[in-house]
Amino acid sequence: MSTLCFLGPRRWRSQHPELFTPKDGYYDDECYSALYKTHIPTNPLQKGLLAVGAGVMALWDPYRHGKTPSAVCLIPLFADFTFAPLFTFLDMVAVLGETTGHLALQRIREKMRNDPEGNQILQERPRIRLSTLDLTRLDALPDGTFGKEYLQFLNVNKVTPDSRADVKFVDDEELAYVIQRYREVHDFVHTLLGMPTNMLGEVAVKCFEAVQTRLPMCILGAALGPLRLSARRLQILTTTLVPWALTNGRNATFMMNVYYERYWEMDVESLREQLGLTPPPTF
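Residues numbered from 1 in each chain as written. Predicted model: local features only at pLDDT ≥ 70, side-chain atom pairs only at ≥ 80, totals over all residues. Heavy atoms only, no water.

(A) Structural detail: empty space enclosed by the protein. Within the structure shown, the criterion is met by four cavities of 30 Å³ or more. The computed volume of the second largest cavity comes to approximately 80 Å³. Together, Y182, V185, V189, F208, E209, Q212, T213, F254, M255, M256 and Y260 line the second largest cavity. With four residues, the top contributor of residues to the lining of the second largest cavity is helix α8 (residues 199–213). Looking at the lining of the second largest cavity residue by residue, the classes come out as eight nonpolar, two polar and one charged. (1 Å grid on protein atoms, 1.4 Å probe; cavity = no way out; pocket = protein on both sides within 12 Å on 5 of 7 lines; lining within 4 Å. Points joined across faces, edges and corners; volume = space filled by probe spheres on them. Helix = DSSP H or I, 4+ residues; strand = E, 2+ residues; numbered from the N terminus. Nonpolar A, V, L, I, M, F, W, Y, C, P; charged D, E, K, R; others polar.)

In structure tokens:
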């Protein structure tokens, strides 16, 4: 069953982009204007409702920006309460990050602006998609290079960079790019930390990201993720992975300031050392 929401505009920009023409950085319709192509404007009350609903559903299905197709989301986003489909699948974890992370995103942007490499990322706005990656080149790199390790991570865990949802609810065009970049470099962080995409690995990465970014989504994931673990896995997490992840988060280079695409050919151990990351523990 499709996820449904109460929404106002009868012509859906997200579903019918051909109806909208960019003008002065905005996408205009008689009902509302958007700051970027996928933007859905919301007020604080609407964001709060989205955050609560997304938080509950994300706890139900937390894996890899889990999508919940069976939920019915009755959230009044616009004043006229027109009933229409919003998403076939609503990415609850992504929505939670967008609706609760404004202050943290401002802090991340400031840190990026104050760093030469981070500021260049903000200016050039690279994207991590299958359409922008040369997988053949990455596959041809020697074993042990960052690019080859990243490609092996994708293959072993059966994930793709195209699985990252587009930003919709961030009401600042540059901050929207910041959180999009955060999502798209998440697998780079997994690769450098040497963490898989199971619950143990995801919680460890969330602990690392919580220290670095202070995003409420990461803090919530780090705090509540362990509740889903068995006693044996919880012991591994609390005695080994969490202390290691928190220490790395405090001591490592701010990972949003890393232009990862420039380090494909670098030895992954050398890159870890350069970024101040200690090797992953065995467990």
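(B) Structural view of the environment of L193. Mapping L193 onto the fold places it in helix α7 (residues 173–193). Residue classification places L193 among the buried positions, given a relative accessible area of 2%. In sequence terms L193 and P279 are 86 residues apart; their C-alpha atoms lie 7.2 Å from each other. Sequence-distant contacts of L193, that is, excluding residues within four places in its chain, are made with V205, F208, W244, R272, L277 and P280. (Buried < 20%, exposed > 50% of the residue type's maximum accessible area, 1.4 Å probe, protein only. Contact = heavy atoms within 4.5 Å.)

(C) Spatial organisation of the side chain of T191. Locating T191 in the fold gives a position in helix α7. Take T191: its relative accessible area is 6%, and that puts it in the buried class.

(D) Quick peek at the layout of surface pockets. Its boundaries defined by the atoms lining it, the largest pocket holds a volume of some 260 Å³. Looking at the largest pocket, the residues that line it are Y36, K37, T38, R125, R127, D166, V167, E173, A176, Y177 and Q180.

(E) Inspection of the environment of G276 at higher detail. When you line up the elements, G276 lands in the segment after α11 (268–275). Each C-alpha atom, one on G276 and one on N248, is 7.5 Å from the other, the two residues being 28 residues apart in sequence. Residues contacting G276, with those up to four places away along its chain left out, are N248, N251 and A252.

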